[in-house]
2 protein chains.
Amino acid sequence: MKIFWIGTGVMGAPMAKHLANAGYEVFAYNRTIEKAKALLPDIQVCQTIEEGVKKADVVFTIVGYPQDVDEVYQEIIKHAKPNTILIDMTTSSPVLAKIINEKAQAKQLHFLDAPVTGGDIGAINGTLSIMVGGDEKIYEKIVPLLRCLGKTITYMGEAGSGMMAKLVNQVVIAGNILGIAEGLTLAKDQGLNLEKMLQVITGGSANSWQAQNNGPKMLVRDDEPGFFIKHFLKDLNLALEASAALDLPVLKAAQKAYEMLSKNDYAEKGTQAVIAAYDKK
Amino acid sequence: MKIFWIGTGVMGAPMAKHLANAGYEVFAYNRTIEKAKALLPDIQVCQTIEEGVKKADVVFTIVGYPQDVDEVYQEIIKHAKPNTILIDMTTSSPVLAKIINEKAQAKQLHFLDAPVTGGDIGAINGTLSIMVGGDEKIYEKIVPLLRCLGKTITYMGEAGSGMMAKLVNQVVIAGNILGIAEGLTLAKDQGLNLEKMLQVITGGSANSWQAQNNGPKMLVRDDEPGFFIKHFLKDLNLALEASAALDLPVLKAAQKAYEMLSKNDYAEKGTQAVIAAYDKK
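Small disclaimer: the values here were computed from a predicted structure and weren't measured. (Residues numbered from 1 in each chain as written. Chains lettered and ligands numbered in written order. Predicted model: local features only at pLDDT ≥ 70, side-chain atom pairs only at ≥ 80, totals over all residues. Heavy atoms only, no water.)

Caption draft 1: Representation of the overall build of chain A within the structure. Looking only at helices and strands, chain A has 13 helices and nine strands in total. Taken over C-alpha atoms, the radius of gyration comes to 20 Å for chain A, in line with the 19 Å a tight globule of 281 residues would show. Out of the 281 residues in chain A, the part that is buried amounts to 59%. In chain A, 65% of the contacts between residues at least 6 apart in sequence involve partners at least 24 apart. For chain A, the exposed area adds up to about 11300 Å²; of that, 50% sits on carbon and sulfur atoms. Averaged over its 29 positive side-chain charges, chain A has a centre that lies 1 Å from the centre of its 31 negative ones. (Helix = DSSP H or I, 4+ residues; strand = E, 2+ residues; numbered from the N terminus. Rg over C-alpha atoms; globule rule 2.2 N^0.38 Å. Buried < 20%, exposed > 50% of the residue type's maximum accessible area, 1.4 Å probe, protein only. Contact = heavy atoms within 4.5 Å. Areas by Shrake-Rupley, 256 points an atom, 1.4 Å probe, with all protein chains shown as cover. Lys, Arg positive; Asp, Glu negative; His and termini not counted. Charge placed at Lys NZ, Arg CZ, Asp CG, Glu CD.)

Caption draft 2: Looking closely at the interface of chain B and chain A. Contacts between chain B and chain A engage 51 residues on the former and 51 residues on the latter. Contact between chain B and chain A buries roughly 4500 Å² in total, counting both sides, with carbon and sulfur atoms accounting for 70%. There are 14 residue pairs in polar contact (both at pLDDT 80 or more) connecting chain B and chain A. Mapped onto the side of chain B that touches chain A, the elements with two or more residues apiece are β9 (150-157), α8 (161-189), α9 (194-202), α10 (209-213), α12 (229-242) and α13 (249-266) of chain B. Partitioned by chemical class, the residues of the side of chain B that touches chain A number 30 nonpolar, 16 polar and five charged. (Buried area = accessible area lost by both parts, 1.4 Å probe. Polar contact = N/O pair within 3.5 Å; in protein donor to acceptor, adjacent residues only side chain to side chain. Nonpolar A, V, L, I, M, F, W, Y, C, P; charged D, E, K, R; others polar.)

Caption draft 3: Here's a closer look at the relation of the copies chain B and chain A. With an RMSD of 0.1 Å, the fit of chain B onto chain A corresponds to turning through 180° and sliding 0.0 Å along the axis. Taken together, the turn and the small shift mark the pair as related by a two-fold rotation axis. For chain B, the smallest separation between a C-alpha atom and the rotation axis is recorded for serine 208 of chain B, amounting to 1.9 Å. A shared interface surface links the copies, since 100% of the contact residues of chain B are contact residues in chain A too. (Least-squares fit on C-alpha atoms with pLDDT ≥ 70 in both.)

Caption draft 4: Molecular detail of the packing of aromatic side chains. Residues and elements named next belong to chain A. If you walk through the whole model with that rule in mind, you get ten aromatic pairs over all chains. Plain terms: the ring middles of tryptophan 5 and phenylalanine 60 are 4.8 Å apart, the flat faces sit at 20° to each other, and that makes the pair stacked. Pair noted here: tryptophan 5 is in strand β1 (residues 2-6) and phenylalanine 60 is in strand β4 (residues 58-61), with a separation of 55 residues, a long-range link. Accessibility expressed as a relative area gives 0% for phenylalanine 60, which makes it buried. (Phe/Tyr/Trp six-rings, centres within 6.5 Å; stacked < 30°, edge-to-face > 60°.)

Caption draft 5: Representation of the side chain of glutamine 272 of chain A within the structure. Note on placement: glutamine 272 of chain A falls in the segment after α13 (249-266). If we skip the residues at most four places from it in the chain, glutamine 272 of chain A touches Ile177, Asn214, Lys217, Met218, Asp222, Asp223 and Glu224 of chain A.

Shown next as structure tokens:
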């Protein structure tokens, strides 16, 4: 089985390597071609999308933003041979996923949306969580490939539902992380010992993955990115778009805070830096 | 050492029993005296606060609202003998705790604010988390008593800081629980499988105590109280008051949602019922 991998950034590069290590023949393409070349000699590098797509049985994509997904799939769908399986792992728009799915079907191609959570660590360790939308029979065919990339693989339903599940996940994270930031802001304002406060939070019913992993970073204002604010803002914007018919005030507050930070040199910081949005002006 | 326990509700009754079981001589008082009588014969019942306070070396209180705390402490401070240690375990106002502390000091009494988390289960099992504010030397004297009641005991600092830590904890919970409610509302609106969605949430970086414990209840609309909405609303109102100088939009959204529910027959439901606040009108 020949696999073509498009997008060899911090997530894509280690993911493509897992497939090569599992014995699959993997080709790769990246807009900045040098990043793909770092994967040589285990993975062959293609100069164009067309070149890789024409050889592939399965095409994986993990790129930046929905507009990148749209561009890349125009090329893929133009050149892919019938029955090629296309899998987008970018966190992108559920609506776009449905559109691409229809375009793919019209050309006898199979499309799955399969975004991930777990960050660069999960990509490196092969412990990602993967949410998949699209035709279930096609999903079952490529599960062995996904098992090379992630630990938890959940089939969510029709085309677009993988993307939607990821956005829902991000809404929950937004509540967790803003709640922690607001709590610690109040604690600091009132002169509480913040280390002790975080112990209390993580010791009971306020505990969360975010409190354990991002709480300590908030205390010392370590803004280094695990997960970039610019990417989280993209996800929150997509979630807002998907929930336009609903009134979700926490999501709105989160989008507002992260948008403000993004405009103030925080785009490349980690999501925990949202606590800076609460600093007194 | 003689202990007087005021407030023998779902929390206070099992807590007082732990002290009696540990060998302390315990007297109890409750506004509805029948509730205290259920503790006979292990615990003696007093007909008035005055009667119990006059005999006691240590007085514990765990009553309903700040106004109840205020009333009860007027009686306690009037009748307590010098050097009595007074410990309020109600979740109440940090400002009121400071006021009571000053009034107590003026009468050579010692006051600690020591609210708890962990619910009725924690009270029954003696596994509460207890946050303590007040004089550290007094705190050290009564730590053995607190160890009968809770597993995690954290000294937070000066008078009022136990109460403040509890309020901060509730702000964090508010973010967690509203984030889950908003995520599941979006998921339902988009036709996702909610059981699978909750698996995704609890399987990664969106995971939290609230998602694990209240998430499943939200799915089936099990509104039975673990923690009453009316009590959580009290806590959120106290947190809002304490954070008047700050802009905490998630806390504000939570207070608004729970206040609306409280006015619509949800006061006696559990906090997870907040998902009903997102139902389309």
